[in-house]
Amino acid sequence: MSDEKLTQAKRQGILACGLALWLGLAGDAVAQRQAPAPEALAEVGVDEHLGAQIPLDLRFRDESGRDRTLASLFQGDRPAILTLNYSDCPMLCTLVLNGMVDGLQELAWTPGKDFEVISVSIDPLETFQRARLTKQRYLRSYGRPETAAGWHFLTGRAENIQRLADAVGFRFKYVEQEKQYVHAAVIIVCTPQGRVSRYLYGVQFPDQTLRLSLVEAGEGKVGSTLDRVLLFCFHYDADAGRYGPVARNLMKLAAGMTCALLMLGMIPYWLRRRSHALGANAPPATPPPPADDASGAAGPSAAFALPLAGMLGAPGGSLFFPMRGTAEAAMVDQVFYFIFIVAVFFFALILGLMTFFTLKYRRRPGVDSLPSPSHSTGLEMVWTIIPTILVAVMFVWGFWGYMGMQHAPDDSYEIQVLAKKWSWNFVYPNGHVEPDLHVPVDQPIRLLMTSDDVIHSLYIPAFRLKMDIVPGRYTKTWFHATETGKHQLYCAEYCGTQHSTMLAKVVVHPRGEFEKWLEEAANFLERMTPAEGGELLVQRRGCLQCHSLDGTARVGPTFKGVFGTQQAMVSGQNVTVDENYILESILEPMAKIRAGYKPVMPTYKGQLKDEEITAIIAFIKTLKE
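Presented here is a report on the structure given in the accompanying data block.

What counts, and at which threshold
- Residues numbered from 1 in each chain as written.
- Predicted model: local features only at pLDDT ≥ 70, side-chain atom pairs only at ≥ 80, totals over all residues.
- Heavy atoms only, no water.
- Phe/Tyr/Trp six-rings, centres within 6.5 Å; stacked < 30°, edge-to-face > 60°.
- Helix = DSSP H or I, 4+ residues; strand = E, 2+ residues; numbered from the N terminus.
- Lys NZ or Arg CZ within 6 Å of the ring centre and 35° of its normal.
- Pairing = 2+ DSSP bridges.
- Core = buried A, V, L, I, M, F, W, Y, C linked by side-chain atoms within 4.5 Å.
- Buried < 20%, exposed > 50% of the residue type's maximum accessible area, 1.4 Å probe, protein only.
- Contact = heavy atoms within 4.5 Å.
- Salt bridge = Lys/Arg side-chain N within 4 Å of Asp/Glu carboxyl O.
- Axes fitted to C-alpha atoms, helices over the stretch in contact; angles between N-to-C directions.
- Left-handed = near helix turned anticlockwise from the far one by under 90°.
- Nonpolar A, V, L, I, M, F, W, Y, C, P; charged D, E, K, R; others polar.

Moving on, we get to the packing of aromatic side chains. Taken as a whole and assessed by the stated rule, the structure comprises 22 aromatic pairs. Between Tyr413 and Phe514, the aromatic rings sit 5.6 Å apart at their centres with planes inclined by 90°, giving edge-to-face as the arrangement. Of the two residues, Tyr413 is situated in strand β14 (residues 413–420) and Phe514 in helix α12 (residues 511–522); the sequence distance between them amounts to 101 residues. It is Lys360 that lies over the ring of Tyr361; its NZ or CZ is 5.6 Å from the centre.

Written as structure tokens, this is what we have:
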């Protein structure tokens, strides 16, 4: 570590100590805030001894009164966190240990099983009974009584304490005037063999920093494969006091993963194309058609024709895209494959030339190096003009296609889209609301979209359609489905914890059947009992994204057995869950909020009819314990 970084680390480590001592001095020092720092601080700090071996023969007494050597705590199978503090510290030790506990609470690992925590008192007058009380207090704060065997509070003689402090570079001093010790705010992460691995300064220790420090110190004995991958990508930054990304390693990992994924993705494609080619080459049951027959050609060329058709975005789908569902999707495929082929061509060209020049002009014994040209106007014009033309073609082609997808024809059928965490509502001209998108075939469809909470993004891969949905404004898009069938619809913008469940289907009906479906769907309550209709509504309106029917607590309270019960609100009052409470919760969800839940439910005012709310209430009544 450079001198500058080491000085900054020390400065950060003793900052809290300095403030504590400064505020604790007598009246003259407090009044003269511009006076030089106390002399005691000059003897306090941390001299980093990374890799230094802790004297494992040192003897201390643990909180139960037993004599223990440090060797009994470092047995070569678990890393350890070492803290130097004392129980009667008026402020700084408490801040350090509280910050460490906050960080450890976020870890799933357990002291005594995955790592050790060793807190050594720097006060030689501290008794093991006092250390036991301190341990009990921090175990209660930690909230995991089972970790008691993994957190050791040690007391000992002054010479042993000083030897340990010297070994790890921890400089502290007793101030007679204040009757307290002055020391730095630091915890020390050690290897399973008792060597110093990392110094963490301050009074706050993020869980990621603690986790990666323990993985690094654990030498492969703690943490998962994923943790070791993260450690490969993140290195400790002494200036920031945390682990930061390493660009070069991230690029190496990303390149390796990209190559592996491409190879894995190509295997089924190659196998499928090979089976098609073998099928095309198989002896036909009937005499083959003449060579000039318009029905097609068999033979070895089929092995190349099928992959080529797929790579060029044939209507039946390809390696990169699903089957096309709209006429506009062809343009998207063509632009993509043009860019892809250009990129592959120049990648192969540049890599090939690099390999050729490396082999041809490599340094060889007895061959002098040739003068290297520093400028070529013609070459520079070539590699400037050709990429400019290609980029211009990509831009113009893509821009034309984008603009064409933004302006819907005048005879488009309009459907309103309301996105909310974590469901879709599609509102048809007759007022019917559906969680899936139903459209007629061979008719332009305009989508008028808005969001009820955060940014969402409507994405239909088969239509090559993606458009963001922003709260507080309307966005529009359109498509023209050419084939009947079902397609998957996603939210392509991360919108919260259940983003991956925000799914819907796109159902393309024949023209005559769509109108019939819409009429029947809009009048579903007439054909059902109120409870049956309510069950269908809570499914369609996305209620089950946040509320369960089996008693499980989710983002919102469960519907099971709630009707008729008394429930506590955040205001402190108890409310009976009856018809009026459910009605108010649907229309004015912020009026009364259940205790233990966040106020995140959107209002359904204007979105549900009176008979639909009545049906939902009837369904909730049926959910008995």
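Here the narrative resumes, following the displayed structure.
Within a sheet, adjacent strands bond to each other through the backbone by hydrogen bonds, running parallel or antiparallel. Overall, mixed pairing links the 5 strands, which are arranged β16-β15-β14-β18-β21 in an open sheet. Lying at the two open borders of the sheet, with one neighbouring strand each, are β16 (433–434) and β21 (475–480). Note that strand β15 (residues 423–427) and β16 share 2 bridges and pair antiparallel. Paired with Val427 across the two strands is Val433, which belongs to β16.

Counting 57 residues, the largest nonpolar core has Leu82, Met100, Leu104, Trp151, Leu164 and Val168 as the members making the most contacts within it. Top element by residues in this core is helix α3 (residues 92–105). It accounts for 7 residues. In contact with Leu104, not counting residues within four places along its chain, are Ile81, Phe115, Val117, Tyr142, Arg144 and Leu210. Core analysis: the next-biggest nonpolar cluster, separate from the first, contains 36 residues, Phe426, Ile469, Val508 and Phe514 among them.

Attention now goes to the pattern of salt bridges. Throughout the structure, instances matching the rule amount to 18 salt bridges. Measuring nitrogen to oxygen at the nearest pair gives 3.8 Å for the salt bridge that ties Arg163 to Asp57. Separated by 106 residues along the polypeptide, Arg163 in helix α5 (residues 158–168) and Asp57 in the loop between β1 (45–46) and β2 (59–61) bring together distant segments of the chain. A residue is classified by how much of its surface remains accessible, and Asp57, at 51% relative accessible area, is exposed. Asp62 is the salt-bridge partner of Arg66, the closest N and O atoms lying 3.2 Å from each other. Take Asp62: its relative accessible area is 2%, and that puts it in the buried class. When salt bridges with common partners are traced through the structure, they connect Asp62, Arg66 and Arg68 into a single cluster.

Right, let's talk about the packing of α3 against helix α4 (residues 128–142) for a bit. As a packed pair, α3 and α4 sit with axes 10 Å apart at the nearest point and diverge in direction by 35°. Along this stretch, α3 crosses α4, giving a crossing that reads as right-handed. Residues Cys93, Thr94, Leu97, Asn98, Val101, Leu104 and Gln105 of α3 form the contact with α4, whose own contacting residues are Tyr138, Ser141 and Tyr142. For the contact of α3 with α4, the per-class residue count stands at 6 nonpolar, 4 polar and no charged.

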